[in-house]
Amino acid sequence: EKIAISSFNSRKKAEWLLGRLAAKNAVKDFLKNDNIRMKDISIKSTRKTPPRCCVKSKKRKIFLSISHSGNNAVAAASKFPIGIDIEFARHFNKNLRALVFNESDRLNAKKDAETYYTSMWCAKEAAAKALELGTGIDFRRIKLKNGKKNSAIASWDNRLHEFEIILKKADNAIIAIAIPNER
């Protein structure tokens with residue numbers, strides 16, 4: 001972790017540290033063990049792989065997802081792949097919408113387009129993380145359909161991967177959590 005942080009500028013370093021703190025707290029909550037020290041939790045990741053967690057003296061596999069936006073960070077730890085994303089509602093210009101959203105996504109845009117597109121972005125990024133695809137994929141290939149209240153079901157390349165995607169709005173931030181239905 002010390003090596004990774006040394007290459008970041010000060011803004012990126014603050015975001016990274018905030019994300020790691022959120023992740024380590026998520027791991028502690030998941031394990032339900034307040035006796036674990038932060039330094040006993042190790043998180044490793046690369047640009048192409050999801051974060052992996054190791055806890056000193058624990059042998060169980062822990063899936064982890066981390067997201068940060070500005071001065072906010074969220075993380076989720078689980079025994080199954082999970083995805084989380086946080087974003088602030090923002091404008092998606094026509095070119096960006098064409099790059100990120102498929103035709104169905106664009107046709108379903110609501111009057112409050114900023115909130116709609118930001119929510120769709122969060123849901124797709126959370127799904128990509130839960131599918132362990134990373135975030136460098138073509139998000140147009142992730143299709144969402146309405147699920148229960150404030151949730152969606154995601155598919156990737158027309159293969160159904162049943163994820164409940166829960167969307168929450170707090171002030172101007174949108175948080176999406178993707179949880180596989182088969183757990």
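Above this text you will find the structure in question.
Quantities reported herein were computed from a predicted structural model and do not represent experimental measurements. (Residues numbered from 1 in each chain as written. Predicted model: local features only at pLDDT ≥ 70, side-chain atom pairs only at ≥ 80, totals over all residues. Heavy atoms only, no water.)

Draft legend 1. Up close: the overall build of the protein chain. Helix and strand content of the protein chain: five helices and nine strands. The order of α-helices and β-strands along the protein chain, N terminus first, is α-α-β-β-β-β-β-α-α-α-β-β-β-β. The buried share among the 183 residues of the protein chain stands at 44%. If you take every contact in the protein chain between residues at least 6 apart in sequence, the share linking residues at least 24 apart comes to 41%. Just so you have it, the protein chain exposes about 11,100 Å², and 50% of that area is on carbon and sulfur atoms. (Helix = DSSP H or I, 4+ residues; strand = E, 2+ residues; numbered from the N terminus. Buried < 20%, exposed > 50% of the residue type's maximum accessible area, 1.4 Å probe, protein only. Contact = heavy atoms within 4.5 Å. Areas by Shrake-Rupley, 256 points an atom, 1.4 Å probe, with all protein chains shown as cover.)

Draft legend 2. Expanded view of the nonpolar core. Formed by 24 residues in total, the largest nonpolar core has its most connected members in F101, I142, L144 and I165. Sort the elements by how many residues they give to this core and helix α5 (residues 113-130) lands first, with ten residues. Filtering out sequence-adjacent residues up to four positions away, I142 remains in contact with N102, K124, A127, A128, I137, A154, S155 and W156. (Core = buried A, V, L, I, M, F, W, Y, C linked by side-chain atoms within 4.5 Å.)

Draft legend 3. Just the pattern of salt bridges, in detail. Tallied over the full model, the rule gives five salt bridges. The partner of D40 in a salt bridge is R37, with the nearest N and O atoms 3.2 Å apart. Between K129 and E125 there is a salt bridge, with its nearest N and O atoms 3.5 Å apart. Taken together, the residues K129 and E125, both in helix α5 and four residues apart, mark about one turn of the helix. Side by side, K129 and E125 carry an identical accessibility label, which is buried. (Salt bridge = Lys/Arg side-chain N within 4 Å of Asp/Glu carboxyl O.)

Draft legend 4. Region of the structure containing the packing of aromatic side chains. Here the structure, examined in full by the defined rule, presents six aromatic pairs. Between F101 and Y117, the ring centres sit 4.9 Å apart and the planes meet at 40 degrees, which makes this aromatic pair tilted. Taken together, the residues F101 in the loop between α3 (94-100) and α4 (103-107) and Y117 in helix α5 connect sequence positions 16 residues apart. Residues Y116 and Y117 carry aromatic rings whose centres are separated by 5.2 Å and whose planes lie at 70 degrees to one another, so their mutual orientation is edge-to-face. Taken individually, Y116 and Y117 each receive the classification buried, so the pair is uniform in this respect. An aromatic cluster is defined as three or more aromatic residues linked by ring pairs; in this entry it consists of F92, F101, Y116, Y117, W121 and F139. The lysine or arginine in question, R90, covers the ring of W121, its NZ or CZ lying 5.6 Å from the ring centre. (Phe/Tyr/Trp six-rings, centres within 6.5 Å; stacked < 30°, edge-to-face > 60°. Lys NZ or Arg CZ within 6 Å of the ring centre and 35° of its normal.)

Draft legend 5. Broad picture of the pairing of strand β5 (residues 83-88). Taken across its six residues, β5 has five buried, putting it largely inside the fold. As judged from the six bridges shared by β5 and strand β9 (residues 173-180), these two strands associate in the antiparallel manner. Its bridge partner being in β9, G83 is matched across the sheet by A178. (Pairing = 2+ DSSP bridges.)

Draft legend 6. Fine view of α5. In this model α5 runs 25 Å from its N-terminal to its C-terminal C-alpha over 18 residues, within 8% of the 26 Å that 1.5 Å per residue would give. Of all 18 residues making up α5, 16 are buried, and the element is well covered by its neighbours. Immediately beyond the C-terminal end of α5, within one or two residues, lies E132, with a positive phi of roughly 60 degrees. (Expected span 1.5 Å × (residues − 1).)

Draft legend 7. Structural view of helix α2 (residues 10-31). Compared with the 32 Å implied by 1.5 Å per residue over 22 residues, the 31 Å span of α2 between its first and last C-alpha is a close match. Residue K32 follows α2 closely and has a positive phi angle near 55 degrees.

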